[in-house]
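# Residue-level structure breakdown
For reference, the chains in residue letters:
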Amino acid sequence: MSFDTPPSTGCREAPVLRERGQHEVFCGLTGIIWLHRKMQDAFFLVVGSRTCAHLLQSAAGVMIFAEPRFGTAILEETDLAGLADAQVELEREVGRLIARRPDIRQLFLVGSCPSEVIKLDLARAAEKLSVQHAPHVRVLNYSGSGIETTFTQGEDACLASMVPSLPETDARQLMLVGALPDVVEDQARDLLAQMGITDVAILPARRADDPLSVGPNTVFALLQPFLGDTLAALERRGARHLPAPFPFGAEGTTGWLRAVANEFGVDDATFERVTAAPRARATRAVAQAAESLSGKSIFFFPDSQLEIPLARFLTRECGMRAIEVGTPFLHKNILGPDLDLLEAGPQLTEGQDVERQLDRCRAAQPDLTVCGLGLANPLEAEGLATKWAIELVFTPVHFYEQAGDLAGLFSRPMRRRAALKLGAA
Ligand code: SF4
């Protein structure tokens, strides 16, 4: 199928299998790893346990050369047992941190399972600390707790926490929502500028002083499909959501840009002039990587919340066949345009019952399985090729120039498995 033509039957109305059982995912603290790189004067203080500190350290790796901009205020047993006033200690620790680090302009108190269990009131602490340290530092809070969340929800909770304090504006503007690597964000800005769309705000901004405001004339386009709470928070501020396919691959990027261009009255000739060359480059790059993907089957466990747009990209641009597309949450108002493009056929699932899903995966024997780290090793040991979902969030994959790399993320494990088979023969 040419990807210029939408399928006759998309997946928007397809039946969804909803599962509510045990699930295997990382918690929302993981988002700190990419958020702290994006917001260059922010500090993320996890209020948690030694487990939370270990998770952060291992997710961040050991490549920290400068003083890090995240840390963990560890709740000791006396805090957990209610013997110490954790609230007072937290305020004292934050005071020390801010005094020592004048580079910090935004401080996020990040809740965890332990802080939620002992009902530490981080919202109250953030409010109090914001008053104490204004105007130099703004203190906000959100939860990265692993209870009933997935790892990408950390970014959603963080961005949503910023929306209520954004200044009000009446200006007609476009807001791009989602943390992308700076170089990818610049590419998007450049494409929009070439179309004449220059009044563009980005949430999250790189620095606390970057202009960022919201109001009734703000139209926003999501860059990530896992930003449901942020979407709701922006709508509460009067901004309007622009539904669009997500900018993965040549088709997704064109669809996303087209939705923005239509909203801002860009004519067809301008749109073609700006998009034709990068689109052709993306199509060529994807075609190259897709050689080893075409005709192969894929199975998605619910993890990153990118599953539906990626299934759309892999089936329509890389010729793969999706067997099951699991996603932690299926927000049709966010994923509708991607669901329209995903041809009916794969089983859609929302939520997880991991044992039942593993049974379905083993029965289907897909050529490639996209899943979390915890499932990847056992499935590899059983002979299935896997792709870690978390890599899709850590790697630049959005917009035209990254389309080939995105396809490459999926073709590499396929090629590795083929090479292993060849070696064993
Ligand atoms: Fe574990 Fe909860 Fe801490 Fe995440 S927030 S590392 S799930 S204890």
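## Considerations on the site of the ligand
Surrounding the ligand, one finds Cys27, Leu29, Cys52, Ser112, Cys113, Pro114 and Gly146. Class assignment of the residues belonging to the shell around the ligand gives a composition of five nonpolar, two polar and no charged.

## A few points about the packing of helix 4 (residues 86-100) against helix 6 (residues 122-133)
Two elements in contact, helix 4 and helix 6, have axes whose closest approach is 11 Å; the angle formed by their N-to-C orientations is 40°. Taken as axis vectors, helix 4 and helix 6 run oblique relative to one another. As helix 4 runs across helix 6, the sense of the crossing is right-handed. Between helix 4, through Gln87, Leu90, Glu91, Val94, Gly95 and Ile98, and helix 6, the contact on the second element is made entirely by Leu122, Arg124, Ala125, Lys128, Leu129 and His133.

## Re the sheet that holds strand 6 (residues 173-177)
As summarised here, the arrangement of the four strands in space is 7-6-8-9, forming an open sheet in which the pairing is parallel. Edge positions in the sheet fall to strand 7 (200-203) and strand 9 (240-241), since each of these pairs with one other strand and no more. With five bridges joining them, strand 6 and strand 8 (residues 218-222) adopt parallel strand pairing. Directly across from glutamine 173, in strand 8, lies its bridge partner threonine 218.

## Let's talk about the confidence of the model for the protein
Of all residues in the protein, 94% have pLDDT values of 70 or greater, and the mean over the chain is 91. Reported confidences for the modelled complex are a pTM of 0.93 and an ipTM of 0.99.

## Observations regarding the pattern of salt bridges
On inspection of all chains with the given rule, the structure shows 26 salt bridges. A salt bridge links aspartate 182 to lysine 38, with the nearest nitrogen and oxygen atoms 2.6 Å apart. With aspartate 182 in helix 8 (residues 182-194) and lysine 38 in helix 1 (residues 32-38), this residue pair connects regions lying 144 residues apart in the sequence. Relative accessible area serves as the criterion here: at 24%, aspartate 182 is assigned to the partly exposed category. A cluster of three or more residues bridged by salt bridges with shared partners is formed by Lys38, Asp182, Glu185, Asp186 and Arg206.

Each value, and the rule that gives it
Residues numbered from 1 in each chain as written. Predicted model: local features only at pLDDT ≥ 70, side-chain atom pairs only at ≥ 80, totals over all residues. Heavy atoms only, no water. Near = heavy atom within 4 Å. Nonpolar A, V, L, I, M, F, W, Y, C, P; charged D, E, K, R; others polar. Axes fitted to C-alpha atoms, helices over the stretch in contact; angles between N-to-C directions. Helix = DSSP H or I, 4+ residues; strand = E, 2+ residues; numbered from the N terminus. Parallel < 35°, antiparallel > 145°, perpendicular 65-115°, else oblique. Left-handed = near helix turned anticlockwise from the far one by under 90°. Contact = heavy atoms within 4.5 Å. Pairing = 2+ DSSP bridges. pLDDT = per-residue confidence, 0-100. Salt bridge = Lys/Arg side-chain N within 4 Å of Asp/Glu carboxyl O. Buried < 20%, exposed > 50% of the residue type's maximum accessible area, 1.4 Å probe, protein only.

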